[in-house]
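Breakdown of the fold
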Amino acid sequence: MNNSVVINGRSIGPDHPPYVICELSGNHNGSLDRALQLIDAAADTGCDAIKIQTYTPDTMTIDSDRDEFKIKGGLWDGYTLYDLYKEAHTPFEWHEAMFKRAAERGITMFSTPFDETSADLLDDLGAPAYKIASFEANDIALIAHVARKGKPMIISTGLANMGEIERATNVARENGCQELILLHCISSYPAPSDQSNLRTMPHLADAFGVVGGLSDHTHGSSTSVAAIALGACVIEKHFTLAREDGGPDAAFSLEPAEFKSLCEDCHNAWASLGKISYETKAAEEANLVFRRSLFVVEDVAEGEELTAHNIRSIRPGYGLQPHLIGTVLGKRARSAITRGTPLSYELIG
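A brief structural summary. (Residues numbered from 1 in each chain as written. Predicted model: local features only at pLDDT ≥ 70, side-chain atom pairs only at ≥ 80, totals over all residues. Heavy atoms only, no water.)

Describing the overall build of the protein chain
Each helix and strand in the protein chain was counted, giving 11 helices and 12 strands. Along the longest, intermediate and shortest principal axes, the C-alpha atoms of the protein chain span 100 × 45 × 40 Å. A fraction of 65% describes how many contacts in the protein chain between residues 6 or more apart in sequence connect residues 24 or more apart. Looking at charge distribution, the protein chain has the averaged site of its 30 positive side-chain charges lying 9 Å from that of its 48 negative ones. (Helix = DSSP H or I, 4+ residues; strand = E, 2+ residues; numbered from the N terminus. Contact = heavy atoms within 4.5 Å. Lys, Arg positive; Asp, Glu negative; His and termini not counted. Charge placed at Lys NZ, Arg CZ, Asp CG, Glu CD.)

Rendered as structure tokens:
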């Protein structure tokens, strides 16, 4: 199993903090200035990487209003595919400025290419990794082309069955991809939490010997945090400056304060997993004295018998362990013992 992937010097895997990807998608709303503002705001959230999407409407589909090309229902009801991608795409000519801004902010940026020309553009820009979207997980030629770049790849698995995931994984590896991440994904926008089936995620990672994670399209951050508890090493979540500003993905995107909380919650959830341990933790040591122990609760004269009336298990914990009470009852005091004295073997004859 490939237990670790490195993107731009950052190790990603079960033994490392979660890698949180901030997906900008089409929430630039057609403005390069807003796209750069998104990068600045994303960099301030504590995320590990910013991801964009690289395509044109013509590389995604054709301009047709035939019924087959119309979206029916859901967030984008009424759009033709071409019009949706025209509105949402990030123009090729913006990419250099966006990658430059991310570099200035000291944060990793990469993208999802949707065709070979997109992948080549990203290669020229020095993208350190590539993402394959769930809808392209069946595009074997694209996966092979990207794999030949020799960079880490992330593939979302929404809509794909086990056979299709196996084929995509094999093609990536056969064409030179040495570092592969598979993201469990529900390709619904937004996605219902009760259909997330997060228990699939660790199975996915084990079945294909990869680093696993979640591409999360649910509202809020609870599903992402739950995924961390199940072993997710990567979380991808959509980002916007403000949902009220609109945009193709705004409805299921997190705003800056929410994304910052997501990053913190994911890191805290990972840290809380720790290891299997029944040892006293450093944070507990000061409270050991507040456990129960055996104390003298009535004055006891020299030679007097210890009974359930003058010996009790109470807090604090300076006396003998409570489970030893059976061994001390019926014994006699070596000397007089005053009420409130922690019981020790030295006091017993």
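Details of helix α7 (residues 162-174)
Helix length check: α7, at 13 residues, gives a terminal C-alpha distance of 18 Å against a target of 18 Å (1.5 Å per residue), a fit within 8%. All buried positions along α7 are accounted for by I165, A168, T169, V171 and A172. Buried residues along α7 cover an arc of 165 degrees about the axis, so they all sit on one side. Of the surrounding elements, those touching the buried residues of α7 are α6 (140-147), β7 (153-156), β8 (180-185) and α8 (200-208). Capping of α7 at its N-terminal end is provided by N161; its side-chain oxygen lies 3.1 Å from the backbone amide nitrogen of G163. (Expected span 1.5 Å × (residues − 1). Buried < 20%, exposed > 50% of the residue type's maximum accessible area, 1.4 Å probe, protein only. Arc of directions from axis to C-beta. Polar contact = N/O pair within 3.5 Å; in protein donor to acceptor, adjacent residues only side chain to side chain.)

Observations concerning the environment of G330
Here G330 lies in the segment after α11 (325-328). Judged by relative accessible area, G330 falls into the partly exposed class, the value being 40%. Between the alpha carbons of G330 and L306 there is a distance of 5.3 Å; along the sequence they are 24 residues apart.

Things to note about unusual backbone geometry
The linkage connecting Y189 with the following residue, P190, adopts the cis geometry, with an omega of 0 degrees. Its location among the elements puts P190 in the loop between β8 and α8. In this structure, N8 takes a positive phi of about 55 degrees despite not being glycine. The residue N8 is located in the loop between β1 (5-7) and β2 (10-12) in this model. Classification of N8 by relative accessible area gives exposed; the value is 53%. Here L159, not a glycine, exhibits a phi torsion of approximately 75 degrees, which is positive. Locating L159 in the fold gives a position in the loop between β7 and α7. Overall, the relative accessible area of 63% leaves L159 in the exposed class.

Some remarks on the state of the cysteines
Under the definition given, this model contains 0 disulfides. The cysteine C233 is free of any disulfide, with C266 supplying the nearest cysteine sulfur at 12 Å. With a relative accessible area of 0%, C266 lands in the buried category. (Disulfide = S-S within 2.5 Å.)

Here we look at the packing of aromatic side chains
Here the structure, examined in full by the defined rule, presents 6 aromatic pairs. Both rings, one in F239 and one in F259, keep their centres 5.5 Å apart while their planes meet at 85 degrees; by these two values the pair is edge-to-face. A residue pair is termed long-range when its members are at least 10 positions apart, and F239 in the loop between β10 (234-238) and α10 (256-273) and F259 in helix α10 qualify at 20 residues. F259 carries the same exposure label as F239, and that label is buried. (Phe/Tyr/Trp six-rings, centres within 6.5 Å; stacked < 30°, edge-to-face > 60°.)

Some details on the environment of E136
Within the secondary structure layout, E136 lies in the loop between β6 (130-132) and α6. Once the C-alpha coordinates of E136 and A232 are considered, the two residues, 96 residues apart in sequence, prove to be 22 Å apart. If sequence neighbours within four positions are ignored, E136 has contacts with F114, L142 and I143.

Here we look at the packing of α6 against α7
Orientation of α6 relative to α7, taken along the N-to-C sense of each, is 30 degrees, at an axis distance of 8 Å. Like other packed secondary-structure pairs, α6 and α7 cross with a definite hand, here right-handed. Residues I140, I143, A144 and A147 of α6 form the contact with α7, whose participating residues are R167, A168, V171 and A172. Considered class by class, the residues forming the contact of α6 with α7 number 7 nonpolar, no polar and 1 charged. (Axes fitted to C-alpha atoms, helices over the stretch in contact; angles between N-to-C directions. Left-handed = near helix turned anticlockwise from the far one by under 90°. Nonpolar A, V, L, I, M, F, W, Y, C, P; charged D, E, K, R; others polar.)

A closer look at the pattern of salt bridges
If you walk through the whole model with that rule in mind, you get 14 salt bridges. A salt bridge links R101 to E104; the nearest nitrogen and oxygen atoms lie 3.7 Å apart. In this pair, R101 and E104 are both assigned in helix α4 (residues 95-104), 3 residues apart and thus about one turn of the helix distant. The partly exposed category is assigned to R101, whose relative accessible area is 24%. The closest approach of N and O atoms between K149 and D123, which form a salt bridge, is 3.7 Å. Remark: D123 occurs in helix α5 (residues 116-124) and K149 occurs in the loop between α6 and β7; sequence separation between them is 26 residues. Overlapping salt bridges, with partners in common, bring together D40, D44, R101, E104 and R105 in one network. (Salt bridge = Lys/Arg side-chain N within 4 Å of Asp/Glu carboxyl O.)

Things to note about the nonpolar core
A general feature of soluble globular proteins is that nonpolar side chains tend to end up buried together. Counting residues in hydrophobic clusters, the biggest one holds 56 residues, and the most contacted among them are L24, I50, M98, M153 and F259. It is helix α1 (residues 32-43) that contributes the most residues to this core, 7 residues altogether. Aside from chain neighbours lying at most four places away, what touches I50 is C22, L24, I39, A42, A43, I107, T108, M109 and F110. I21, I181, V211 and V234 belong to the second-largest nonpolar core, a separate cluster that totals 14 residues. (Core = buried A, V, L, I, M, F, W, Y, C linked by side-chain atoms within 4.5 Å.)

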